[in-house]
Amino acid sequence: EPEVTQTPSHQVTQMGQEVILRCVPISNHLYFYWYRQILGQKVEFLVSFYNNEISEKSEIFDDQFSVERPDGSNFTLKIRSTKLEDSAMYFCASRDSDLNIQYFGAGTRLSVL
Amino acid sequence: KNEVEQSPQNLTAQEGEFITINCSYSVGISALHWLQQHPGGGIVSLFMLSSGKKKHGRLIATINIQEKHSSLHITASHPRDSAVYICAVMIYNQGGKLIFGQGTELSVKP
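Chains are numbered independently. Their residues run from 1 in the order of the written sequence. Chain labels run from A onward and ligand labels from 1 onward, assigned in the order the entries are written. Residues qualify for local features only when their pLDDT is at least 70, as the model is predicted, and side-chain atom pairs are given and counted only at 80 or more; totals for whole chains, interfaces and linings, by contrast, use all residues. Only hydrogens and water are removed before side-chain values are computed, so all heavy atoms of the structure are retained for them.

## Quick look at the overall build of chain B
Thinking step 1. If you tally the helices and strands in chain B, you get 0 helices and 11 strands.
Thinking step 2. The helix and strand labels rest on DSSP assignments: H or I over at least four residues marks a helix, E over at least two residues marks a strand, and numbering proceeds from the N terminus. For chain B, the N- to C-terminal ordering of α and β elements is β-β-β-β-β-β-β-β-β-β-β.
Thinking step 3. Over its C-alpha atoms chain B spans a radius of gyration of 13 Å, differing by no more than 12% from the 13 Å that the globule rule assigns to 110 residues.
Thinking step 4. For chain B, the spread of C-alpha atoms along the principal axes amounts to about 45 × 25 × 25 Å.
Thinking step 5. Only protein chains enter the accessibility calculation, which uses a 1.4 Å probe; a residue is then buried when its area is under 20% of its type maximum, exposed when over 50%, and partly exposed in between. Across the 110 residues in chain B, those meeting the buried criterion constitute 46%.
Thinking step 6. Counting contacts in chain B only where the partners sit at least 6 residues apart, residues at least 24 apart contribute 55% of the total.
Thinking step 7. When charges are tallied, Lys and Arg are placed among the positive residues and Asp and Glu among the negative ones, while His and the ends of the chain are skipped. Note that the charge is assigned to NZ on lysines, CZ on arginines, CG on aspartates and CD on glutamates. Computed over 9 positive and 7 negative side-chain charges, the inter-centroid distance for chain B is 7 Å. Only C-alpha atoms enter the radius of gyration; for comparison, a globular chain is expected to reach 2.2 Å times N to the power 0.38, where N is the number of residues. Note on contacts: a residue pair qualifies if any of its non-hydrogen atoms lie within 4.5 Å across the two residues.

This is the structure we're talking about:
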């Protein structure tokens, strides 16, 4: 069964460093999403991406965040200068245009020290 | 006010019991998801509903659009059902983003 793949599974970084979280969505899907979950809290929407551009972003998704689909298969989330409060589990999801089901990756646990 | 509310927040059951988790939402939606999250953190989609009822094995999900309410039922619960169950709604005409409830942590004891 096709799946969404995220790498790395765990990323440890120092405050102020840049991180790139990577996702490979399901190949025929057209809509892509990033969500995050701070430990003990609910999952929150960050950004949606369609047709090579951001379609919607939340208040959390400020200038420190960016997304890119550099090569038609990968979908990346970059945090330019990480803060302690960026520590969370980050989930990538994708869906196709016909169904509303979103398929989630296993997540990347980001720890900012 | 949260747009998606789940109850209960925590639930402990004995193996074999019938379990119900409820979800209420306050916005117009195009679909509702029930998701399962295991201790490792990964999220799996169980159901997507826009009306009526769906069944998969021992899991049943229902939705009442007029009352803005959905339920997830687990029949003959088993310890392997222990997980966090999350309700998430896809808001109408907002590109498919999901708004999540806070989750219900289910523990099924043998």
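## Some words on the sheet that holds strand β1 (residues 5-7) of chain A
Residues and elements named next belong to chain A.
Thinking step 1. Note: two strands are recorded as paired if DSSP finds a minimum of 2 bridges between them. In spatial order, the strands read β1-β3-β8-β7; together these 4 strands make up an open sheet with antiparallel pairing. Bordering the open sheet on either side are β1 and β7 (65-68), each of which pairs with just one other strand. When strand polarity is set aside, the average angle formed by the axes of neighbouring strands in this sheet is 15°.
Thinking step 2. As defined by bridge partners, strand β3 (residues 19-24) adjoins strand β8 (residues 75-79) across 5 bridges and the pair is classed as antiparallel. Directly across from L21, in β8, lies its bridge partner L77. Axis angles are defined between N-to-C directions and span 0 to 180 degrees, where every axis is a line fitted to C-alpha atoms and, for a helix, only to the segment in contact.

## Observations regarding the interface of chain B and chain A
Thinking step 1. Chain B puts 20 residues into the contact, and the matching count from chain A is 18 residues.
Thinking step 2. As a working definition, buried area equals the accessible area (1.4 Å probe) given up by two parts on being put together, with both sides summed. Summed over both sides, the interface of chain B with chain A buries roughly 1,600 Å², with 59% coming from carbon and sulfur.
Thinking step 3. When the buried area of chain B at its contact with chain A is split by residue, I43, K97 and F100 of chain B rank highest and sum to 33% of it.
Thinking step 4. For salt bridges, the criterion is a side-chain nitrogen of Lys or Arg within 4 Å of an Asp or Glu carboxyl oxygen. There are 1 salt bridge connecting chain B and chain A.

## Description of the side chain of Q37 of chain B
Thinking step 1. Here Q37 of chain B lies in strand β4 (residues 29-37).
Thinking step 2. Relative accessible area serves as the criterion here: at 8%, Q37 of chain B is assigned to the buried category.
Thinking step 3. Any N or O atom pair separated by 3.5 Å or less is treated as a polar contact, with the protein-specific requirement of one donor-capable and one acceptor-capable atom, and with residues adjacent in sequence counted only for side-chain atom pairs. Side-chain polar atoms of Q37 of chain B contact the side chain of Q37 of chain A, separated by 2.8 Å.
Thinking step 4. Look past the residues within four positions of Q37 of chain B in its chain and what remains in contact with it is Q37 and F91 of chain A together with G42, I43, A83, V84 and I86 of chain B.

## Considerations on the sheet that holds strand β6 (residues 52-56) of chain B
Adjacent strands of a sheet pair through backbone hydrogen bonds, lying either parallel or antiparallel.
All names here are of chain B.
Thinking step 1. Strands sit in the order β1-β3-β8-β7-β6 across an open sheet of 5 strands; the sheet is antiparallel. The sheet terminates laterally at β1 (4-7) and β6, the two strands that pair on one side only. In this sheet, neighbouring strand axes are inclined to one another by 15° on average, regardless of whether the strands run parallel or antiparallel.
Thinking step 2. Pairing of β1 with strand β3 (residues 19-25) involves 4 bridges; the strand directions are antiparallel. Looking at the pairing, S7 lines up with N22 of β3.

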